[in-house]
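Now for the letters of each chain:
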Amino acid sequence: MPIRFEDLLCPRPDGLYCPPGDFYIDPVRPVERAVITHGHADHARAGHAHVAATAETLAIMAVRYGEAYAGQVRPMAYGETIERDGVSVTLVPAGHVLGSAQVVVRWKGLTMVVSGDYKRRRDPTCPAFEPTPCDVFVTEATFGLPVFRHPDDAGEIASLLHSVAQFPERCHMVGAYALGKAQRVIRLLREAGWEAPIHVHGALERLNGLYQDFGIDLGPLAPATGDTRKADFAGQIIVAPPSALADRWSRRFPDPVNAFASGWMRIRARARQRAVELPLILSDHADWDELTGTLAELRPQEVWITHGREEALARWAGLNGLKARALAIVGYEDEED
């Protein structure tokens, strides 16, 4: 009987499972053995008995969940391969956030690649996505609609700096998710020439420190605290979790310009709902062109779609001669971008 793709990887209630290797990839509940693609909470959960991931992802999990987040851990370098019961597992860069990896699973001549979350454009805080030939490509589709075509990063940062220059009496508060987006915004500001200290919400401090420990230079940072006079924040940039934009915490700053760095800012209604004055379309996920371009580049025998806008991407694949199916794994979210 010929080997089926489902013999190597198959969706189960706990997540994507490898029967011959007896492990899960990004399981949504605690399991005996897990391979984790990256540190966002919908992919990296605490409580597994054994966890394999990049050293960066393991460090992120320790920061978020405490040192006892797993029974045993196995750090893996990009390009390193481990084997279990004839199944080999290799991690290659995904370009999503620090430590993010695609999981390349090989067994009896089959190769399946699980992307986790990914993007194709340059990110100064993590290695670029590495396309890997495969029989099955398991992809996300967070922004899997043609309306989502992300603009150039430099242009969005230029808009932020233009607004800072235009309103020197106000501070600019940038909502950015704590893992990945906040650090990327800070690095992009540094590359654009902003050398002044960037003020950060306390919720970002530990992850910022971890990024710097792994060699990502964020430049001078300062806490955004009430110890500083309100007037001293005029003309300054503050980076904070998106939830802080509408919190009482934000009232300590002088007439802040609310900005939000997210791929969802392409949708004007979302910006209005959040009372965002300056939408910044900056995403850590592949946009429509990056998703379809990746499938066209790899041309696998099958495309499996884990979460996001599965229907549109599956239809595009079918129209372009690629067999596709939606897995719709429950537990993966697409809001944190």
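Our structure's up above, just so we're on the same page.
Residues numbered from 1 in each chain as written. Predicted model: local features only at pLDDT ≥ 70, side-chain atom pairs only at ≥ 80, totals over all residues. Heavy atoms only, no water.

Re the side chain of arginine 184
Spelled out, the test is: Labels follow the DSSP assignment, with helices taken as runs of H or I lasting at least four residues and strands as runs of E lasting at least two, numbered in each case from the N terminus. Accessible area is worked out with a 1.4 Å probe on protein chains only. A residue is then buried under 20% of its type maximum, exposed over 50%, and partly exposed in between. Distance and chemistry together define a polar contact, namely a pair of N or O atoms within 3.5 Å, with one atom able to donate a hydrogen and the other to accept it when in protein, and with adjacent residues in sequence counting only for side-chain atoms on both sides. Residues count as neighbours in contact if any of their non-hydrogen atoms are within 4.5 Å of one another.
Relative to the assigned elements, arginine 184 resides in helix H3 (residues 181-191). Taking relative accessible area as the criterion, arginine 184 reaches 1% and is therefore assigned buried. At a separation of 2.7 Å, a polar atom in the side chain of arginine 184 contacts the main-chain carbonyl oxygen of serine 283. Not counting the four nearest positions on each side in its chain, arginine 184 is found in contact with Lys119, Arg121, Asp123, Thr125, Asp153, Leu282, Ser283 and Asp284.

Quick notes on the packing of helix H1 (residues 55-65) against helix H4 (residues 205-213)
The test is simple: Angular values range over 0 to 180 degrees, each being the angle between N-to-C directions of two axes fitted as lines to C-alpha atoms, with helices fitted over their stretch in contact. Here the angle decides the label: under 35 degrees means roughly parallel, over 145 means roughly antiparallel, 65 to 115 means roughly perpendicular, and every other value means oblique. Note on convention: near helix rotated counterclockwise from far helix by under a right angle means a left-handed crossing. Clockwise means right-handed. In the scheme used here, Gly and all other residues not listed as nonpolar or charged are polar, with Ala, Val, Leu, Ile, Met, Phe, Trp, Tyr, Cys and Pro taken as nonpolar and Asp, Glu, Lys and Arg as charged.
Two elements in contact, H1 and H4, have axes whose closest approach is 10 Å; the angle formed by their N-to-C orientations is 160 degrees. In this view, H1 runs roughly antiparallel relative to H4, as classed from their interaxial angle. As for the relative orientation of H1 and H4, their crossing is right-handed in sense. From H1, Ala59, Ile60, Val63 and Arg64 reach across to H4, where they touch Arg206, Leu207 and Leu210. Here the residues of the contact of H1 with H4 are counted per class, giving five nonpolar, no polar and two charged.

Let's talk about the sheet that holds strand S15 (residues 237-240)
This is how it is decided: In short, DSSP must find at least two bridges between two strands for them to pair.
Taking strand neighbours across the sheet as the criterion, the six strands line up as S14-S13-S15-S12-S16-S17 in an open arrangement whose pairing is parallel. Of all the strands in the sheet, just strand S14 (221-223) and strand S17 (278-280) have a single pairing partner and so form its edges. Direction aside, neighbouring strands of the sheet carry axes that sit 30 degrees apart on average. Two elements, strand S12 (residues 172-175) and S15, share four bridges in a ladder whose sense is parallel. Within S15, the position partnered with glycine 175 by the bridge is alanine 240. In the packing of helix H2 (residues 153-166) onto the sheet, contacts are made with S12, S15, strand S16 (257-261) and S17, and the angle to S17 comes to roughly 155 degrees.

Quick word on helix H7 (residues 310-319)
Note that an α-helix has 3.6 residues per turn; residues three or four places apart therefore point the same way. Note the following rule: By definition, the arc is the one covered by directions from the helix axis to the C-beta atoms.
Along H7, the positions that sit buried rather than exposed are Glu310, Leu313, Trp316 and Ala317. Burial along H7 is one-sided: seen end-on, the buried residues are contained in an arc of 135 degrees. Across from the buried face of H7, at angles greater than 90 degrees, the exposed residues are Glu311, Arg315 and Leu319. Where H7 is buried, its residues meet strand S11 (136-141), helix H6 (288-298), strand S18 (302-308) and strand S19 (323-326). Looking at the residues trailing H7, positive phi occurs at glycine 321, about 80 degrees.

A look at the pairing of strand S2 (residues 15-18)
Sheet topology note: the strand S1 (residues 10-12)/S2 ladder contains three bridges and is antiparallel. Bridge pairing in S2 places proline 11 opposite leucine 16. Connecting the antiparallel pair S1 and S2 is a turn made up of two residues. Pairing geometry for S2 and strand S3 (residues 23-25), over three bridges, is antiparallel. Its bridge partner lying in S3, cysteine 18 is registered against phenylalanine 23. Connecting the antiparallel pair S2 and S3 is a turn made up of four residues, with aspartate 22 showing a positive phi of about 55 degrees.

Comments concerning the pairing of strand S10 (residues 110-114)
In terms of burial, S10 is largely enclosed, as five of its five residues are buried. Of the two faces of S10, the one lined by Leu110, Met112 and Val114 and the one lined by Thr111 and Val113 are each fully buried. Where strand S9 (residues 101-107) meets S10, five bridges bridge the pair, whose relative direction is antiparallel. Within S10, the residue paired with arginine 106 across the bridge is threonine 111. Pairing between S10 and S11: three bridges, direction parallel. Paired with valine 114 across the two strands is valine 138, which belongs to S11.

Considerations on the environment of arginine 120
Position of arginine 120 relative to the elements: it lies in the loop between S10 and S11. A C-alpha to C-alpha distance of 9.5 Å links arginine 120 and proline 131, two positions eleven residues apart in sequence. Once residues lying within four places of it in the same chain are set aside, the contact partners of arginine 120 are Phe129, Pro131, Glu290, Thr294 and Glu297. Of note is the side chain of arginine 120, whose polar atom sits 2.8 Å from the side chain of threonine 294. A polar side-chain atom of arginine 120 sits 3.1 Å from a polar atom in the side chain of glutamate 297.

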